[in-house]
Amino acid sequence: SGIHAEVVAAIDINTTANEIYTHNYPDTPLWNKTIEGITLEDFNKLSFDMILMSPPCQPFTRIGLQGDINDPRTKSFLYILDLLPRLWRLPRYILLENVGIPNSRLRYFLIAKISTENLSIQSSKILDAFPHPAEQPKVLSPSADTCQPEEEVQEGHVLYKLETKTDAQRKMSQNNDLSLRLIQDFLEPQIDMEPYLLPPKTLLRYALLLDIVRPTCRRSVCFTKGYGRYVEGTGSVMQGCVETEMESVFTGLDQCAEDEKLQRLLKLKLRYFTPREVANLMGFPQSFTFPKKTTTKQQYRVLGNSLNVVVVARLLQVLLS
């Protein structure tokens, strides 16, 4: 964001996330505690101007159990709401993030400031709190009207996978938005593709559910913590061989024998995005790195629980400008 600030404390109980945070910000105090395990006195000692919050989203999403404040995972959020008015010095600014709209993985952001404060400040002390929880989010199965392959042309587009006309139109619209950069701008220049290729079993089982993008696309779906392990609803995959037309692979695919089906799909060289590429798409700067001992699986998990850095930076600029 370019805003001069001192992070007085970062709070997280995820061991991997803490190791990565310390690797990138070794001088920032990092508390391996739950929010509700921190006393009012401890918070008062920090004397912070701003609090950045990301409470667990599952209690509030329509695809979850909809427990709201009765869900135990809201404890940390309710605790901080109880503490805030009792702090000896109220924070001047709050930025809160949460997932709030079903299926699309759009996020909800809230920014708040004390109205009597001057909008412009030179320096702030920040409390960075509330990691996302470690639970695997539930994914709804596609509804009945999206589960049948459609082999009809809609404005020149063949619906060859399990997608609706609305899905196809949305994807075409996003790819035609010239204000967005191409995916190829976020790819690593040279990688060993082999470790990231989708295995044959995955291709055969999930081919019609994959969200496939090419380097010249201007869209991808949200990457979640299950990326690389689960396929449905966890993120897009890259078409490594752009010379092969997807329509030639998928049209009539369900009529093919298993061997022929696999041979067709292998021509596309479908692969997962690398963790660095996912980080690039989420706006992480090149200066952000992972410790050498962090596995690929762990990198996907923490990235899937993270936020778009560019969006948060812009919100901070708006809040403090």
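Residues numbered from 1 in each chain as written. Predicted model: local features only at pLDDT ≥ 70, side-chain atom pairs only at ≥ 80, totals over all residues. Heavy atoms only, no water.

## Some details on the overall build of the protein chain
Formally: Helix and strand assignments follow DSSP, with helices taken as H or I runs no shorter than four residues and strands as E runs no shorter than two, numbered in order from the N terminus. Each residue is placed in one exposure class: buried if its accessible area under a 1.4 Å probe, protein chains only, is under 20% of its type's maximum, exposed if it is over 50%, and partly exposed if it falls in between. What makes two residues a contact is simply this: any of their non-hydrogen atoms within 4.5 Å. All accessibility values rest on the Shrake-Rupley procedure with a 1.4 Å probe; residue burial counts only the protein chains present in the view.
Of regular secondary structure, the protein chain possesses ten helices and eleven strands. Counting only residues that meet the buried cut, the protein chain has 42% of its 321 residues in that class. Here the analysis covers contacts within the protein chain between residues at least 6 apart in sequence; of these, 69% occur between residues at least 24 apart. Taken as a whole, the protein chain presents about 17600 Å² of accessible surface, with 53% of it coming from carbon and sulfur.

## A few points about helix H7 (residues 258-266)
To keep things clear, this is the line we draw: What the arc describes is the spread of directions from the helix axis to the C-beta atoms.
Taken together, the buried positions of H7 are Leu 262, Arg 264 and Leu 265. Each buried residue of H7 sits inside an arc of 160° when the element is viewed along its axis, so together they form one side. Contacts made by the buried residues of H7 are with helix H5 (200-206) and helix H6 (246-250).

## Describing the pattern of salt bridges
Here is the rule we go by: Criterion for a salt bridge: a side-chain nitrogen of Lys or Arg within 4 Å of a carboxyl oxygen of Asp or Glu.
According to the stated counting rule, one finds twelve salt bridges in the structure shown. Between Arg 219 and Asp 211 there is a salt bridge, with the nearest N and O atoms lying 2.6 Å from each other. Each member of the pair, Arg 219 together with Asp 211, is buried. Here the residues in one salt-bridge network are Asp 49, Arg 89 and Arg 92, joined through shared partners.

## Some details on the sheet that holds strand S9 (residues 212-213)
Note the threshold: By the convention used here, strands pair only if DSSP detects at least 2 bridges between them.
Spatially, three strands are ordered S9-S10-S11 in an open sheet, and the strand pairing comes out mixed. Across the chains shown, the open sheet's two edge strands, defined by having one partner strand only, are S9 and strand S11 (270-272).

## Here we look at helix H10 (residues 309-320)
Under the convention used in this document: One less than the number of residues in a helix, times 1.5 Å, gives the span that helix is expected to have. In the analysis that follows, any N or O atom pair within 3.5 Å is treated as a polar contact, provided that within protein one partner can donate a hydrogen and the other can accept it, and provided that, for residues neighboring in sequence, both atoms belong to side chains.
The terminal C-alpha atoms of H10 lie 17 Å apart, and with twelve residues this matches the ideal 16 Å at 1.5 Å per residue to within 8%. Regarding H10, the residues found buried are Val 312, Ala 313, Leu 315, Leu 316, Leu 319 and Leu 320. Down the axis of H10, the buried side of the element spans an arc of 160°, and every buried residue falls inside it. Where H10 is buried, its residues contact strand S3 (50-53), strand S4 (93-99) and strand S5 (107-113). Where H10 starts, the residue carrying a side-chain oxygen 2.9 Å from the main-chain nitrogen of Val 310 turns out to be Asn 308.

## Brief notes about the UniProt feature "active site" (unreviewed entry) in the protein chain
Operational definition: UniProt positions are given in the numbering used here, feature names are shortened, and annotations may be inferred rather than shown by experiment.
When the UniProt feature table is mapped onto this chain numbering, "active site" (unreviewed entry) sits at Cys 57. Relative to the assigned elements, Cys 57 resides in the loop between S3 and helix H3 (75-83). Classification of Cys 57 by relative accessible area gives buried; the value is 10%. Not counting residues up to four positions away in its chain, the partners in contact with Cys 57 are Asn 98 and Val 99.

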